[in-house]
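# Summary of the model geometry
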Amino acid sequence: QPAQLPSSFICPLSRELFVDPVQTSDGQTYERCMIQTWLQRNNRSPLTNLPLDNQTLTPNVALRGAIEEWSGVQLQTSGFRQVPVAEVKLNTLPVFTLFAQASDSQREAAPSFATASESQKECAKMGRGQCKTVYRGWWDGRDVALLHLRSGTCDTEANIFSLLG
């Protein structure tokens with residue numbers, strides 16, 4: 001059973017575990033990609049609505065370290081692990097085609113994520129968020145979701161999934 005996620009590890013904008021926490025000029029901390037999006041349209045603090053002195057974002061190194069330390073402990077007990085990207089094949093077949101339904105030739109022809117073209121990745125895409133994209137894939141004879149992070153670390157994302165069950 002994973003430990004309760006500390007509330008200070010949650011971004012007030014995304015309501016998700018911080019991956020790349022940064023501080024604004026007023027000392028508040030947000031997920032980098034979330035506050036960058038906010039600052040494209042606003043020059044005020046999302047929490048206080050007060051004007052920000054500037055739009056400088058400073059990495060919150062202490063918070064990130066605490067999250068990584070906490071996540072590492074959680075990850076050790078969760079059963080999640082990182083897999084080399086070259087070992088994961090993208091499932092570019094029609095949606096809902098599972099590994100067991102694919103022919104041997106389809107499985108062999110499936111591109112690895114590392115070598116896939118953008119159009120192949122688009123076929124396998126399940127969803128996209130501010131900081132990540134999820135693809136359909138196959139690994140070790142089973143269907144998997146491949147999480148591609150555009151910022152942050154896999155450890156913290158895996159911890160979120162282990163907390164979700």
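Residues numbered from 1 in each chain as written. Predicted model: local features only at pLDDT ≥ 70, side-chain atom pairs only at ≥ 80, totals over all residues. Heavy atoms only, no water.

## A few points about the pairing of strand S7 (residues 142-149)
Relative to S7, strand S6 (residues 132-139) runs antiparallel, the two sharing eight bridges. Its bridge partner being in S7, Tyr 135 is matched across the sheet by Leu 146. Between S6 and the antiparallel strand that follows it, S7, lie two residues; Asp 140 among them carries a positive phi value of about 50 degrees. (Pairing = 2+ DSSP bridges. Helix = DSSP H or I, 4+ residues; strand = E, 2+ residues; numbered from the N terminus.)

## Section: the side chain of Arg 136
Looking at where Arg 136 falls in the secondary structure, it is placed in strand S6. We note that Arg 136 is buried and unpaired, the nearest opposite charge coming from Asp 143 at a distance of 7.4 Å. (Buried < 20%, exposed > 50% of the residue type's maximum accessible area, 1.4 Å probe, protein only. Lys, Arg positive; Asp, Glu negative; His and termini not counted. Salt bridge = Lys/Arg side-chain N within 4 Å of Asp/Glu carboxyl O.)

## Remarks on the pattern of salt bridges
Close approach of charged atoms allows side chains of opposite charge to pair. Taken as a whole and judged by the stated rule, the model has seven salt bridges. In this structure, Glu 68 engages Arg 64 in a salt bridge whose closest nitrogen and oxygen atoms are separated by 3.0 Å. Separated by four residues within a single helix, Glu 68 and Arg 64 lie in helix H2 (residues 61-78), roughly one turn from each other. With its nearest N and O atoms 3.1 Å apart, the salt bridge here joins Lys 125 to Glu 122. Classification of Lys 125 as partly exposed rests on a relative accessible area of 29%. Three or more residues joined by partner-sharing salt bridges are found here, namely Asp 20, Arg 32, Arg 64 and Glu 68.

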